[in-house]
Amino acid sequence: MAPATIICVGMAGSGKTTFLQRLNSHLHTKKEAPYVINLDPAVLKVPFGCNIDIRDSVKYKKVMENYNLGPNGAIVTSLNLFSTKIDQVIGLVDKKSDKFKHCIVDTPGQIECFIWSASGAIITEAFASTFPTVIAYIIDTPRSSSPTTFISNMLYACSILYKTKLPMIVVFNKTDVRDADFAKEWMTDFEAFQNALRTNSELNDETSNGSGYMASLVNSMSLMLEEFYSTLDVVGCSAYTGAGFDEFLDAVDSKVEEYNDYYQKERERIIKEKEEKEKEAKQKQLSHLMKDLGLGKKEPVDTLSDAEDEDDGYEHGLVEPDINEPQREYTFAEDRNGEIDENNKQVQEVYQKAFEKNSKVAKSDVAETIANYIRQQR
Ligand SMILES: Nc1nc2c(ncn2[C@@H]2O[C@H](COP(=O)(O)OP(=O)(O)OP(=O)(O)O)[C@@H](O)[C@H]2O)c(=O)[nH]1
């Protein structure tokens, strides 16, 4: 069975690295050592052993110096450089894929550098098209206890889900500081969230009672997000104490199933649709080309030539064949047929048909067609 890839994303300081460190040791104690990848080029120390580390191939400080970039620009550029080798990375993971059940990936703290960059999309896409891939969105629970920060975090999660089109688990981390029950309740009970909005002191003074601008904006957003919540798995974890990690692994299993049943088919459908569109566009271009060459028309081809009125064949650049010259092959030799790919085959067929139509000769031998054409002109 293909290993599940868990891509860990989250706001800076939400605890991604600590979460992965705990997940790594949790899997080790279960004797299911994972394959670990670090994609954060700016991190100084990774507190766990990595199988692949972006810092081994891209030097973040050098990128800053060489390209004259600030911290975020250098992270994006480092990811861009790394993504050019992503097929090799996937190859390495694939080669060892029978030795582990999970591949865990840490991403840069600056979430936007990964999620909204071209390279981030290339990297996630590369994993998702090879392995069942799940996004773990890490949230700092104590910092999301106000309805506004909670909704901002949820909006971000929602945009990531629609951007990556991959199954997502929302992980409320740091439950040793604040339990995640309030967040789970807000996600399932609309009334509970409404109450929190009405009683929140940040959003209300004594008179407004939930009717202020911010409160009504948050209210509308929560309504909009209700449907999105139903697509998520929600888990409360503490990277410090290790609580909730078995529940997280169960959620990964259920999301992998979901990936296999729904997301994979949907991805295949999108890829197929894209390929068909490209094929159609190619075919259109080809018929335009044929039209430009005059090969698709019924009327005879107009040739622009200074020597149009001359009937002497020699003036048209025709020469007597050299009897000493070896006979040329005009079609591919049998053993070269395998080199023609499907597209070329189609192009060849279209040309062949156009040729036959033009010269009114049914035979497919191109050389003979040309000979007939010359005979007719004499
Ligand atoms: N109490 C508590 N603190 C935690 C937990 N997980 C992480 N932290 C703390 O949160 C802070 C940020 O943790 P990191 O793991 O560095 O977070 P990160 O998201 O990887 O950070 P960046 O990569 O810099 O964005 C650190 O001080 C951690 O010690 C947890 O479960 N409980």
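These numbers come from a predicted model, not from an experiment.

Caption draft 1: View of unusual backbone geometry. With phi around 60°, Lys31 is a residue other than glycine that occupies positive phi space. Relative to the helices and strands, Lys31 is located in the loop between helix 1 (16–29) and strand 2 (35–38).

Caption draft 2: Quick peek at the nonpolar core. Counting residues in each nonpolar core, the largest one holds 61 residues, and the members touching the most others are Val93, Phe150 and Met154. For this core, the element with the highest residue contribution is helix 8 (residues 147–164), accounting for seven residues. In this structure, Met154 is in contact with Ile139, Val170, Phe172, Met187, Leu225, Phe228 and Tyr229, ignoring residues within four places of it in sequence. Ranked by size, the runner-up nonpolar core spans 26 residues in total, among them Leu23, Val46, Cys237 and Leu249.

Caption draft 3: The site of the ligand, seen in detail. Neighbouring the ligand are 16 residues, the closest being Lys16, Thr17, Thr18, Ala239 and Tyr240. Contacts to the ligand include Ser14, whose backbone N or O atom sits 3.4 Å from an oxygen atom. Contact distances for the ligand include 2.7 Å between an oxygen atom and a side-chain N or O atom of Thr17. Its free accessible area being 640 Å², the ligand has 71% of it covered by the protein chains. Here the residues of the shell around the ligand sort into five nonpolar, eight polar and three charged.

Caption draft 4: Seen up close, helix 9 (residues 181–188). All of the buried residues in helix 9 are Phe182, Ala183, Trp186 and Met187. One face of helix 9 carries all of its buried residues, which in axial projection span an arc of 135°. Contact partners of the buried residues in helix 9: helix 8, strand 6 (168–173), helix 10 (190–199), helix 11 (213–229) and strand 7 (233–236).

Caption draft 5: How the structure looks around the packing of helix 5 (residues 86–95) against helix 7 (residues 118–128). It is at 10 Å that the axes of helix 5 and helix 7 come closest, and there the two elements cross at 30°. Crossing geometry of helix 5 relative to helix 7 is assigned as right-handed. In this structure, helix 5 uses Ile86, Ile90 and Val93 to contact helix 7, whose residues at the interface are Ile122, Ile123, Ala126 and Phe127. Split by residue class, the contact of helix 5 with helix 7 holds seven nonpolar, no polar and no charged.

Caption draft 6: Geometry of helix 10. Turning to helix 10, its buried residues number three or more, namely Ala192, Phe193, Gln194, Ala196 and Leu197. Backbone nitrogen of Glu191 and a side-chain oxygen of the N-cap are separated by 3.1 Å at the start of helix 10; the cap is Asp189.

Reading guide: rules and limits
Residues numbered from 1 in each chain as written. Predicted model: local features only at pLDDT ≥ 70, side-chain atom pairs only at ≥ 80, totals over all residues. Heavy atoms only, no water. Helix = DSSP H or I, 4+ residues; strand = E, 2+ residues; numbered from the N terminus. Core = buried A, V, L, I, M, F, W, Y, C linked by side-chain atoms within 4.5 Å. Buried < 20%, exposed > 50% of the residue type's maximum accessible area, 1.4 Å probe, protein only. Contact = heavy atoms within 4.5 Å. Near = heavy atom within 4 Å. Polar contact = N/O pair within 3.5 Å; in protein donor to acceptor, adjacent residues only side chain to side chain. Areas by Shrake-Rupley, 256 points an atom, 1.4 Å probe, with all protein chains shown as cover. Nonpolar A, V, L, I, M, F, W, Y, C, P; charged D, E, K, R; others polar. Arc of directions from axis to C-beta. Axes fitted to C-alpha atoms, helices over the stretch in contact; angles between N-to-C directions. Left-handed = near helix turned anticlockwise from the far one by under 90°.

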